[in-house]
Amino acid sequence: MATEVNFEVTESDRDGVPLLSVRGEVDVSTAPELRERLLALAEGGKTTAVVDLSEVSFVDSTALGVLVSGVKRLRSEGGDLRLVVTEPRISKVFEITGLTDVFKIYPSADEAVRA
Amino acid sequence: MSDATWAVPGNDVLHERDHVELSLPARPELLFLVRMTAAAVASRADFGYDQIEDLRLAIDELALTVSGDEATAGRLQLLFKWTEDAIEVVGIYEPDEAEGPRRDLGVAQPANELSARILDALVDEHGADVVGGCPRAWLRMRRRKASRQ
């Protein structure tokens, strides 16, 4: 059965920094795809990446868990995982879980890349 | 399901205005149906936008609490009740008969620490236990004055 959840991840390169642009709802059924994309970056030798969540309308604890795993992996390699969050609904989820203290969060992909 | 299945702490004080039952296969790709139903119920109960969005996330975490994050042969049963001032949701995972009891632990637990933090922050009360061998979780969200429409 095809998933009915609106979700897409596209990868691009921004000034040498891999940028994963996520769109739609990131939940228990779609988070594994994001996990695979982050893992592929790490295994491909990338140590710093940006995940753009500005087009994301929903995240749950499984999505947050994937991002936490990603940032741990990249920081262990000396890099970082930076996030772009613009939607108040998504910001709120990071705030109530205390993850604003874990991630570096930026208002645009450009700022995240330049950081 | 018996009335006892849906009786959770504190719900004897709610004077139910209406309720909706939802039964679906416990598969991750169908979780969006649970969120859609929660949003529809909260809208029907005249909750404001912020609380509707909070309930969508909270119900997602409740479903993960009882059914886990992997596809199973069992079913997820949900009862949504609402009153003038609150929405209450009870979720139960019913294992497939061939599957047998799914969890070794006696009580359902939030899917992870992040899930527990989300539920703590978004709803007024929540809990988890086991009824008839089936993991059960429940939550109650009271209307915030600022969101009354």
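Above this text is the structure in question.
If you're wondering where the values come from, they're calculated on a predicted model, not measured in any experiment.

Notes on helix α1 (residues 31-43) of chain A
It helps to recall that an α-helix has 3.6 residues per turn; residues three or four apart then point in one direction.
Residue and element names in this part refer to chain A.
Argument step 1. Its 13 residues give α1 an end-to-end C-alpha distance of 18 Å, which sits within 8% of 18 Å, the value for a rise of 1.5 Å per residue.
Argument step 2. Of all the residues in α1, the buried ones are Ala31, Leu34, Leu38, Leu41 and Ala42. Projected down its long axis, α1 shows its buried positions confined to an angular sector of 100°, all on one face. More than 90 degrees from the buried face of α1, the exposed residues found are Glu36 and Glu43.

Comments concerning the pairing of strand β4 (residues 80-84) of chain A
All names here are of chain A.
Argument step 1. Burial of β4 is extensive: 5 of the 5 residues sit out of reach of the surface.
Argument step 2. Looking at chain direction, strand β3 (residues 48-59) and β4 are connected through 5 bridges and run parallel. Following the sheet pairing, Val51 is matched in β4 by Leu83.
Argument step 3. Note on the crossover from β3 through helix α2 (residues 61-76) to β4: the handedness is right-handed.
Argument step 4. Where the polypeptide runs from β4 across helix α3 (residues 88-96) and back to strand β5 (residues 104-106), its parallel neighbour, the crossover connection is right-handed.

Remarks on the packing of α2 of chain A against helix α4 (residues 113-122) of chain B
Argument step 1. For the pair α2 of chain A and α4 of chain B, the least separation of the axes is 9 Å and the interaxial angle reads 135°. Taken together, α2 of chain A and α4 of chain B sit at an angle that is classed as oblique. Our pair here, α2 of chain A against α4 of chain B, has a crossing hand that is right-handed. In this structure, α2 of chain A uses Ser61, Leu64 and Gly65 of chain A to contact α4 of chain B, whose residues at the interface are Leu114, Ser115 and Ile118 of chain B.
Argument step 2. Within the contact of α2 of chain A with α4 of chain B, the residues separate by chemical class into 3 nonpolar, 3 polar and no charged.

Focus: the packing of aromatic side chains
Argument step 1. As enumerated under the stated definition, the model contains 1 aromatic pair over all chains in all.
Argument step 2. With centroids separated by 5.9 Å and ring planes inclined at 90°, the aromatic side chains of Phe94 of chain A and Phe103 of chain A adopt a geometry described as edge-to-face. Neither Phe94 of chain A nor Phe103 of chain A differs from the other in exposure class; each is buried.
Argument step 3. Just above the ring of Phe58 of chain A sits the side chain of Arg35 of chain B; from NZ or CZ to the centre is 4.3 Å.

Cut-offs used in this document
Per chain, residue numbering runs from 1 following the sequence as it is written. Going through the entries in the order they are written, you letter the chains from A and number the ligands from 1. Totals for whole chains, interfaces and linings use all residues, but because this is a predicted model, local features are given only for residues with pLDDT of at least 70 and pairs of side-chain atoms are given and counted only at 80 or more. Excluded from the side-chain calculations are hydrogens and water; all other atoms, namely the structure's heavy atoms, are used. Secondary structure follows DSSP: runs of H or I at least 4 residues long count as helices, runs of E at least 2 residues long count as strands, and numbering of each begins at the N terminus. To estimate how far a helix should extend, the number of its residues minus one is multiplied by 1.5 Å. Only protein chains enter the accessibility calculation, which uses a 1.4 Å probe; a residue is then buried when its area is under 20% of its type maximum, exposed when over 50%, and partly exposed in between. Throughout, the arc means the angular range of directions from the helix axis out to the C-beta atoms. In short, DSSP must find at least two bridges between two strands for them to pair. By definition, the crossover connecting two strands over a helix is right-handed if that path, from the first strand to the second, turns clockwise as seen with the strands pointing away from the viewer. Comment: axis = line fitted to C-alpha atoms, over the contacting stretch for helices; angle = value between 0 and 180 degrees taken between N-to-C directions. For classification purposes, angles smaller than 35 degrees are called roughly parallel, those larger than 145 roughly antiparallel, those between 65 and 115 roughly perpendicular, and all remaining angles oblique. A clockwise turn of the near helix away from the far one marks a right-handed crossing, whereas an anticlockwise turn of less than a right angle marks a left-handed crossing. Whether two residues are in contact is decided by their heavy atoms, any of which lying within 4.5 Å being enough. Gly is placed with the polar residues, together with every amino acid not listed as nonpolar (Ala, Val, Leu, Ile, Met, Phe, Trp, Tyr, Cys and Pro) or charged (Asp, Glu, Lys and Arg). Aromatic pairing here means that ring centres of Phe, Tyr or Trp (its six-membered ring) are within 6.5 Å. Orientation follows from the plane angle: under 30 degrees is stacked, over 60 is edge-to-face, and everything else is tilted. In this scheme, the term charge over a ring applies when either NZ of a lysine or CZ of an arginine sits within 6 Å of the ring centre and within 35 degrees of the ring normal.

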